[in-house]
Amino acid sequence: MKQSDIVTTLIIVVIIFSILLILGVRKSYKLKKENEKLNSMNTEISDEEETYKDFTEGHMYDNE
């Protein structure tokens, strides 16, 4: 195996790993932005929107 073949193989390997590294950093950046977006949302549940409804008032439970 010639020295030029070894260098060419190493360059190809470095390019492949560089692409994987760039894709990983990009994915991490997108996840960080999505996490910030979700954290900024209002997560409190308002009691005014929906009150508890007793589901046992149906005909299957014989509550007459």
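Everything that follows concerns the structure shown earlier in this document.
Residues numbered from 1 in each chain as written. Predicted model: local features only at pLDDT ≥ 70, side-chain atom pairs only at ≥ 80, totals over all residues. Heavy atoms only, no water.

1. A word on the overall build of the chain
Next up, step 1: Each helix and strand counted, the chain has one helix and zero strands in total.
Next up, step 2: Residues counted as buried form 0% of the 64 residues belonging to the chain.
Next up, step 3: A total accessible area of about 6,900 Å² is found for the chain, and carbon and sulfur atoms account for 60% of it. (Helix = DSSP H or I, 4+ residues; strand = E, 2+ residues; numbered from the N terminus. Buried < 20%, exposed > 50% of the residue type's maximum accessible area, 1.4 Å probe, protein only. Areas by Shrake-Rupley, 256 points an atom, 1.4 Å probe, with all protein chains shown as cover.)

2. Remarks on a nonpolar patch on the surface
Next up, step 1: A cluster of nonpolar side chains, namely V7, I11, I12, V13, I15, I16, F17, I19, L20 and L23, defines an oily patch on the protein surface of about 920 Å² accessible area.
Next up, step 2: Structurally, the position occupied by L20 is in helix α1 (residues 3–40).
Next up, step 3: Judged by its relative accessible area of 51%, L20 falls in the exposed class. (Patch = residues over 30% accessible without salt bridge, like charges linked within 9 Å, V, L, I, M, F, W, Y side chains within 5 Å. Salt bridge = Lys/Arg side-chain N within 4 Å of Asp/Glu carboxyl O.)

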